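Structural description and commentary
Listed here are the chains, written in short residue letters.
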Amino acid sequence: MSAFDRATAFLTIDVGAIVANWRRIRDHVGATCEAAAVVKADCYGLGADRIAPALAAAGCRTFFVATIDEGIALRKVVADAAIAVLGGPLPGAAADLDEHRLIPVLNSPEQIGLWAGYATATGRRLDCALHLDTGMSRLGLDAAAVERLAADPALLGGLNPLLVMSHMACADEAEHPKNPDQLARFRALSDHLGLGGRRSLGASSTIFLGADYHFDLVRPGIALYGGNPTPGRANPMAAVARLEARILQVRDVDSPMTVGYGASHRVTGKGRVAVAALGYADGVFRSLGNCGFGFIEGERVPIVGRISMDLTTFDVSALAPEKARPGALIEILGPHQDVDTLAADAGTIGYEILTALGRRYLRDYQNGAV
Ligand SMILES: *Cc1c(COP(=O)(O)O)cnc(C)c1O
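Residues numbered from 1 in each chain as written. Predicted model: local features only at pLDDT ≥ 70, side-chain atom pairs only at ≥ 80, totals over all residues. Heavy atoms only, no water.

Attention shifts here to the site of the ligand. Within the structure, the ligand sits among 14 residues, and Lys 40, Tyr 44, Ser 204, Gly 221 and Tyr 351 are positioned closest to it. Here Lys 40 contributes a side-chain N or O atom positioned 2.8 Å from an oxygen atom of the ligand. When the free accessible area of the ligand is taken as 390 Å², the share hidden by the protein chains comes to 90%. When each cavity is represented as a set of grid points, the ligand is found to reside in the largest pocket. (Near = heavy atom within 4 Å. Polar contact = N/O pair within 3.5 Å; in protein donor to acceptor, adjacent residues only side chain to side chain. Areas by Shrake-Rupley, 256 points an atom, 1.4 Å probe, with all protein chains shown as cover. 1 Å grid on protein atoms, 1.4 Å probe; cavity = no way out; pocket = protein on both sides within 12 Å on 5 of 7 lines; lining within 4 Å. Sits in = over half its atoms within 2 Å of the grid points.)

If you look at the biggest cluster of nonpolar residues, it comprises 114 residues, and the most contacted ones within it are Leu 55, Phe 63, Leu 159 and Tyr 225. The element that contributes the greatest number of residues to this core is helix α2 (residues 15–29), accounting for 7 residues. In this structure, Leu 159 is in contact with Leu 106, Ile 112, Trp 115, Ala 116, Ala 119, Arg 125, Leu 126 and Cys 128, ignoring residues within four places of it in sequence. (Core = buried A, V, L, I, M, F, W, Y, C linked by side-chain atoms within 4.5 Å. Buried < 20%, exposed > 50% of the residue type's maximum accessible area, 1.4 Å probe, protein only. Helix = DSSP H or I, 4+ residues; strand = E, 2+ residues; numbered from the N terminus. Contact = heavy atoms within 4.5 Å.)

Let us now look at the layout of surface pockets. Estimated volume of the largest pocket: approximately 740 Å³. Contributing elements (two or more residues each) for the lining of the largest pocket: α3 (40–44), α10 (204–207), α11 (339–346) and α12 (350–355). Looking at the lining of the largest pocket, its residues break down into 19 nonpolar, 10 polar and 5 charged. (Points joined across faces, edges and corners; volume = space filled by probe spheres on them. Nonpolar A, V, L, I, M, F, W, Y, C, P; charged D, E, K, R; others polar.)

Before going further, it helps to examine the packing of helix α8 (residues 143–151) against helix α9 (residues 178–193). Look at α8 against α9: their axes get within 9 Å of each other, and the N-to-C directions meet at 25°. Overall, the two elements α8 and α9 adopt an arrangement that is roughly parallel. Facing Ala 143, Val 146, Glu 147, Leu 149 and Ala 150 of α8, the residues of α9 in contact are Leu 189, His 192 and Leu 193. Taken together, the residues that form the contact of α8 with α9 break down as 6 nonpolar, 1 polar and 1 charged. (Axes fitted to C-alpha atoms, helices over the stretch in contact; angles between N-to-C directions. Parallel < 35°, antiparallel > 145°, perpendicular 65-115°, else oblique.)

On to the side chain of Thr 230. Counting through the fold element by element, Thr 230 comes out in the loop between β10 (217–218) and β11 (241–253). Residue class for Thr 230 comes out buried when judged on its relative accessible area of 6%. Contact partners of Thr 230, with chain neighbours within four places excluded, come to Phe 208 and Pro 236.

This brings us to the environment of Thr 312. Relative to the elements of secondary structure, Thr 312 occurs in strand β17 (residues 312–315). According to the relative accessible area criterion, Thr 312 is buried, its value standing at 1%. Put simply, Thr 312 and Val 250 are 62 residues apart on the chain and 12 Å apart in space, counted from C-alpha to C-alpha. If sequence neighbours within four positions are ignored, Thr 312 has contacts with Ala 274, Val 275, Ala 276, Leu 278, Gly 279, Val 284, Ile 303 and Ile 307.

Let us now look at the pairing of strand β16 (residues 299–302). With 4 bridges joining them, strand β15 (residues 293–296) and β16 adopt antiparallel strand pairing. Looking across to β16, one finds that Ile 296 is bridged to Glu 299. (Pairing = 2+ DSSP bridges.)

The values are spatial; any link to function lies outside them.
What follows is the structure in structure tokens.
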């Protein structure tokens, strides 16, 4: 039996759609702004080794990862592009960054000191990006650190700041007052630094706040992978992932039976329950128990009972028996249910759904995987 025939749960990734989404953003920001790609967390769970080379082949020249190890893995499949590491260096990490030609994003005076010290020690001028905090209170130089740097540019001795960047807290709420506030702070702080170099503010949602937010480089992540960067409005991005599982068993139920752990679903009257071959170990959130949906040939079937590690149970009473039969596929993500809809039912965001996708699906990369 082939692996395909054996498999009971399938994750199909449309690499062509990811490339099309990147082109859509590239065209949206225009020729004066570079469209990079954020490929951290293994391309949000979808597979950086298959997706990043396709983006590079389409013309993407700059990639962002979160960790040095992600950068080292990416360097093996993307030979020439710039790879920036969002987390920056901790003590001892500079030589690894250098060896794999990774550009650290420097988020604090300590990180600047580490990378500048390494540049001085090796007698070379080294590329970096500088991250300014404009309102996230997460990574990045605060206003006081920017002030010290502006007053003493020698702190950057030996460094070549290619990019000055910041990150937005509320860009998914287009009308949020923090958006123009962070934009103004970013302008003021980066002007004050006066380093030259290019500027970058925009992740996926920020890109759709308007051209003022684009600067010289944008850093889309979720939009490439099909998540809606404009919540509340139609999704401008193409769908990317399809997730399906086979039905292993269909059983007749009747009151007073219960379904699953904790007997959390009580059967009322005659019906049928289909048991599908995926569960929370595959990234189906337990919060979808008694609350989410699947689709069989386009017909919506509610999840009943708790999600198990390897199994999910659906009420298929309303379906013709020949549709809900062992071996039939239930769609969890696909044309009838996008990642944002599933996320809303699970009480989370599309980002968490994608990055939680499990490792035991039969993965199929379609349309232009390199
Ligand atoms: C994750 C991340 C991005 C990409 O964010 P999306 O919302 O997925 O587009 C961009 N910049 C930084 C600093 C990030 O951490």
